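Now for the letters of each chain:
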Amino acid sequence: MTDPQSRFAQVPEDRTLDPLGDADVERSAGRKRNYAKVGSGRPSSLLYTYGPGAVMDLPHFTVMPSGLDDWNRIWARRDGDPLVIEAPQLRKAVSVLLRSPRIELRPFPWQAVAFTGSEEGKDLGVPARVFPQWLRCTGCDNLGLISQFSYVNVKRHRPDQARFYHEKCYGRHNRPRSRPSAQTAVPARYLLACKDGHLDEFPYDWWIHRGDSCPSGIEHPQLRMTDRTAGKGAAATIACTQCDKRRPMSEAQGEAGAEKLPRCRGRHPHLGTFERGGCGVQPKLMLIGASNLWFGATQSVIVMPQTEADRADSLAMRMWSAQGEDLAELRGNPKLIRMILKTHIDLEEVDDQTLLAAVEEALAPAVPEEEQEKRRGEWDPVDLLVPEWEYLLKADPLGPGHDDVRSGLTLSERSWNREWLGGSLGRVLAVESLRKVNALLGFTRIDDMDRVADLEERLVPLTREHPDWTVATEDRGEGIFLQFDESRVSKWETKVEDSQLWKAHLASHDQNFRNRFSETAKKVEPSSRMKPPRYWLLHTFAHILIRECSLTCGYSAASLSERLYAWPKSEGRAASAGLVVLTTASDSDGTLGGLVQLSEPNRLRKIIEHGLYRAKRCSSDPLCASRTPKPPEDFLHGAACHCCVMASETSCERANRFLDRRFLIPLPGHEQLAFFN
C-alpha cells in the first residue's frame, strides 16, 4: 500500500520558510527593519480553528500557519532538546494513526514572559505564510499580487498594525484624487478548494479572460475588483483595465459555477508543495473565513498515572530522541549510557536493568507495514477512553487525596448514598486536579470526518516528510466523576432498543450520516457510528449537570465540558457507564476549585435534583417534548433544544447530537423509557 504521506512531498512551491531567519538577515544587512511577528493566538485556537493549513485573520491581512517541517527551524534556534509532552496513551494512538512508531508530542513554540516588554520568547513563534497573496487596494480597487504592494511592520509591540498598502493610490476612476496617497490593501477573499484538502488562490486573470491571455498582449494586466455589496457571498465583479472585459464572481458559485473553474492543481500552501500532475478534482469556490475551510482532526486524553509499560515506553522514547541510532553504540554499558544521557534525561531513579531494557526497546525494529495498517484499521476512539475508565473504576486509585505528580491527577472518593435515586449512581469521585493533552493529527476541507481513519486520502498531513512529532497542548483543571450502576443501565438499555422512538432515531441517523458525509458514507456503515442508548442517556444527563453546575460553581457553562464513558459490553471490552464534567485552562496553574467543591454529597445531590426537575419543563414544550424524527428528517436529537438541554460548542463533544430528555425523565407519552422515575 502506498504511504499517503509521500504523495505530497513532490513538487516544491517556493523556498524554505524561515521568518525569524529572514529577519536576522535584514537586521544584519542594515536594511529597513520589519519585525517578524505579525500577530498572536491562543494554543487552543491554533489547535482547533487556525492550525497548519488554516487561513487566520489578522487585523489587516490573512496568514496561513505552515507545516511542522518549518517549525523545526524555530526549535533549532535554541540549545538543548525540544520540549516534549508526556501522555503515553495518546502518543501510542497518534503513532498508530500517523504510522510513525517514534513520534513525539511537542507544545507550540511559545514562552510566557515575566513582564510586558520582556524579550523572553522572541526567538519562538509559529511560522506562517501570507495567504492569499492576491490583494485589493481599498482606495482604488486595484487587484494584484503581493509583489505590487508595499509592507510595513516597524512597531515592535504593535504587530496588529502590520499591513500591506498601495503606495501611490489615486482613488477610484469615478472619484480620482489629485495627489496619490498610501491606502491599505486587504486580501482578495476568494479561494479554490477541493474535497481532497487542496487549497489554491483564485485565478483572477484566468477567470476574467476565460482561460486565454489578455488581448492587449500584456502578460500581467491590471485588474480591478469592484464590490458594492460586501458580505453577501460572491458579489464582486472583476474587470481588466487593459481590455475592458468584466466578469462577475457570482458565475463561479454553485454546482454550475464549479464547471467553469479550472481543475485543481493539487496545491498545499502550508507545505509549499503541488501534487505532481495536479489533482484533477473539480474545485469549489470558497470565501476566506468559511467555516468549512478547515476541520482539524484531533485526539485527546485525560492523563492517568503511568503503568510500568508506560514508563518503559516513555524512557525509551526520550533515549531515542536524545541519541537516535547512535544509541546502538551504548548497548550493554549502563555506565556509559548514564554519562552521555545525563544532560538529557534524569536517570537517578532508574536501575541498570530497566535502563538496558529501555535501550533495547528504543532500538527495536519498526512494526511491519502490514501490522501498522491492521492496527490503524481496527483503531477506535474508544481505545483512548478505556484506560481512563479502568483506572477510575479502581476502589482506591491512589489513596485519599493522593497527588500523582507525573500525571497531574488527584482523586478523592466521596461518601455517596448508593440507594439514592434507586441506586442509579454507584460512585462519585472528586477529580481535584487533572491534566488533559490534545494532539493535532491533520485536517480536512469542505467535509469533516467522523473518525481520523475513515478516509485517509482526504486527511491532509501536517508535514512534507514522514512525521517524527506533532503539535499538542496541555490543559490543567478539575472535575467530577460519576459512575452509573451497570445493571440498571443494561436493563434500561434493552427496553429502549425495542421502542419505536429508538427505531426512529436509528433511521434518522442513517439518513443524516449519508447526507453529512458525502464521501465518507460510501465506505462506512452508518449503523457502526450510531451511539448506543446509554450514550444518549449519559450525554443528556451531562448537559443538564453542566447547566446546573454553571449556576453554582463560578464558571460559565461554556467553560465546562464533558467526557463520556458509554459503551456496551463487547469482545475484549467490558461495558462502561460514567462521565466526567470538567473544566480546564491552558495556563500552568489550572483552575480554582469551584467545580470540584460541588462533588460534596449534599451539594451534588441538590444539583442533580434541580437539574432533573428543570429538565421536565422546556419553554418550547410541547413541541420539544414530542419531537421525533420522521422521514425525510435527519436530525440527531429528540426532546432537546437550546432552551432545555443543548450546550455550547466548547462544552459538547458531539456537537449537540444524541440528546433526548425522554430517555432521562418521564415525559408525556414516553414515561416507560425514562431512566430516572
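Residues numbered from 1 in each chain as written. Predicted model: local features only at pLDDT ≥ 70, side-chain atom pairs only at ≥ 80, totals over all residues. Heavy atoms only, no water.

Topic: the overall build of the protein chain
When its secondary structure is counted, the protein chain shows 15 helices and 25 strands. Computed over its C-alpha atoms, the radius of gyration of the protein chain comes to 28 Å, within 12% of the 26 Å expected for a compact globule of 677 residues. Each principal axis of the C-alpha atoms in the protein chain carries an extent, and together these give about 85 × 75 × 50 Å. Taking all 677 residues of the protein chain together, the buried fraction comes to 51%. The contacts in the protein chain between residues at least 6 apart in sequence include a share of 70% that link residues at least 24 apart. Per element, the accessible surface of the protein chain, about 32000 Å² overall, is 49% carbon and sulfur. (Helix = DSSP H or I, 4+ residues; strand = E, 2+ residues; numbered from the N terminus. Rg over C-alpha atoms; globule rule 2.2 N^0.38 Å. Buried < 20%, exposed > 50% of the residue type's maximum accessible area, 1.4 Å probe, protein only. Contact = heavy atoms within 4.5 Å. Areas by Shrake-Rupley, 256 points an atom, 1.4 Å probe, with all protein chains shown as cover.)

Quick look at the confidence of the model for the protein chain
This prediction gives the protein chain a mean pLDDT of 87; 94% of its residues lie at or above 70. Predicted confidence is poor over residues 1-11, with pLDDT under 50, and the contacts of this stretch with residues over four places away or in other chains come to 31 contacts. (pLDDT = per-residue confidence, 0-100.)

Regarding the sheet that holds strand 2 (residues 56-57)
The antiparallel open sheet is built from 3 strands, whose spatial order is 2-3-5. Two strands lie at the open edges of the sheet, namely strand 2 and strand 5 (128-130), each paired on one side alone. In terms of strand pairing, strand 2 meets strand 3 (residues 62-65) through 2 bridges, oriented antiparallel. Bridge assignment links Met56 to a residue of strand 3, and that residue is Val63. (Pairing = 2+ DSSP bridges.)

Quick look at the nonpolar core
Counting residues in each nonpolar core, the largest one holds 57 residues, and the members touching the most others are Phe484, Phe541, Leu545, Leu579 and Ile608. Sorting the residues of this core by element identifies strand 22 (425-444), strand 23 (469-484), helix 12 (486-497), helix 13 (500-516), helix 14 (533-550), strand 24 (560-567), strand 25 (576-585) and helix 15 (601-615) as the ones contributing at least two each. Looking at this core element by element, the count peaks at 10 residues for helix 14. Core analysis: the second largest hydrophobic core is formed by 27 residues, Leu46, Leu47, Phe149 and Cys169 among them. (Core = buried A, V, L, I, M, F, W, Y, C linked by side-chain atoms within 4.5 Å.)

Concerning the sheet that holds strand 8 (residues 150-152)
As a general point, the strands of a sheet are linked pairwise by backbone hydrogen bonds and lie either parallel or antiparallel. In spatial order, the strands read 8-9-10-6-7-13-14-15; together these 8 strands make up an open sheet with antiparallel pairing. The outermost strands of the open sheet, each flanked by one partner alone, are strand 8 and strand 15 (246-248). Here the average twist between neighbouring strands, direction ignored, is 35 degrees. Where strand 8 lies against strand 9 (residues 163-169), 3 bridges are found, and the strand directions are antiparallel. Paired with Val152 across the strands is Arg163, a residue of strand 9. (Axes fitted to C-alpha atoms, helices over the stretch in contact; angles between N-to-C directions.)

Here we look at the side chain of Arg529
One can find Arg529 in the loop between helix 13 and helix 14. Not counting residues within four places of it along the chain, the set of residues in contact with Arg529 comprises Asp450, Arg451, Asp454, His509, Phe513, Val524 and Phe658.

Considerations on the environment of Phe481
Inspection of the secondary structure assignment puts Phe481 in strand 23. Spatially, the C-alpha atoms of Phe481 and Leu411 are 9.5 Å apart, while their sequence positions differ by 70 residues. Excluding residues within four positions of it along the chain, Phe481 makes contact with Trp389, Leu392, Arg427, Val428, Leu429, Val431, Tyr565, Leu579 and Val580.

Some details on helix 10 (residues 369-378)
Looking only at helix 10, the buried set comprises Gln372, Glu373 and Arg376. Here the buried residues of helix 10 occupy an arc of 95 degrees about the axis, which is enough to place them on one side. Of the exposed residues in helix 10, those oriented more than 90 degrees away from the buried face are Glu370 and Glu378. Buried residues along helix 10 sit in contact with helix 4 (88-97). (Arc of directions from axis to C-beta.)

Points about the side chain of Arg661
Mapped onto the secondary structure, Arg661 falls in the segment after helix 15. Arg661 sits in the buried class, given a relative accessible area of 0%. At 2.6 Å, the side chain of Arg661 forms a polar contact with the backbone oxygen of Ala615. When neighbours within four sequence positions are excluded, Arg661 is seen to be in contact with Thr540, Ala615, Lys616, Arg617, Cys618, Asp621, Cys624, Ala625, Ala639, Cys644, Val645 and Leu667. (Polar contact = N/O pair within 3.5 Å; in protein donor to acceptor, adjacent residues only side chain to side chain.)

Let's talk about unusual backbone geometry
The omega torsion across Phe131 and Pro132 is 0 degrees, close enough to zero to call that bond cis. As for its position among the elements, Pro132 is in the loop between strand 5 and strand 6 (134-137). Phi at Arg99 takes a positive value of approximately 55 degrees, unusual for a residue other than glycine. In this structure Arg99 comes out as buried when scored by relative accessible area, which is 8%. Even without glycine at this site, Asn656 takes up a positive phi of about 60 degrees. With respect to the element layout, Asn656 can be found in the segment after helix 15.

Brief notes about the pairing of strand 6
The side-chain alternation of strand 6 yields two buried faces, one formed by Trp134 and Arg136 and the other by Leu135 and Cys137. Pairing between strand 6 and strand 7 (residues 142-145): 3 bridges, direction antiparallel. Paired with Arg136 across the two strands is Leu143, which belongs to strand 7. Taking the residues between adjacent antiparallel strands as the criterion, strand 6 and strand 7 are bridged by 4 residues, where Asp141 takes a positive phi near 70 degrees. Relative to strand 10 (residues 181-187), strand 6 runs antiparallel, the two sharing 3 bridges. From the neighbouring strand, Leu135 faces strand 10, where its bridge partner is Pro187.

Thoughts on the packing of aromatic side chains
Taken as a whole, this structure holds 24 aromatic pairs when the rule is applied. Note on Trp71 and Trp469: the rings are 6.1 Å apart at their centroids and 50 degrees apart in plane angle, and the pair reads as tilted. Remark: Trp469 occurs in strand 23 and Trp71 occurs in helix 3 (residues 68-75); sequence separation between them is 398 residues. Assigned by exposure class, Trp71 and Trp469 land together as buried. Aromatic side chains Trp416 and Trp420 sit 5.6 Å apart centroid to centroid with 80 degrees between the ring planes, which places their arrangement in the edge-to-face category. Of the residues examined, Trp416 reaches a relative accessible area of 13% and is grouped as buried. Over the aromatic face of Trp207 sits the side chain of Arg247, whose NZ or CZ is 3.6 Å from the ring centroid. (Phe/Tyr/Trp six-rings, centres within 6.5 Å; stacked < 30°, edge-to-face > 60°. Lys NZ or Arg CZ within 6 Å of the ring centre and 35° of its normal.)

Here we look at the packing of helix 7 (residues 308-323) against helix 8 (residues 334-341)
Look at helix 7 against helix 8: their axes get within 11 Å of each other, and the N-to-C directions meet at 65 degrees. In terms of orientation, helix 7 and helix 8 fall into the roughly perpendicular class. Seen along the crossing, helix 7 lies across helix 8 with a hand that is left-handed. Along the contact surface, helix 7 presents Met319, Ala322 and Gln323, while helix 8 presents Ile337, Ile340 and Leu341. The class makeup of the residues in the contact of helix 7 with helix 8 is 5 nonpolar, 1 polar and no charged. (Parallel < 35°, antiparallel > 145°, perpendicular 65-115°, else oblique. Left-handed = near helix turned anticlockwise from the far one by under 90°. Nonpolar A, V, L, I, M, F, W, Y, C, P; charged D, E, K, R; others polar.)

Digging into the environment of Arg654
Structurally, Arg654 can be placed in the segment after helix 15. For the pair Arg654 and Thr463, spaced 191 residues apart in the sequence, the C-alpha separation amounts to 28 Å. Setting aside residues no more than four positions away along its own chain, Arg654 makes contact with Asp450, Lys531, Tyr535 and His539.

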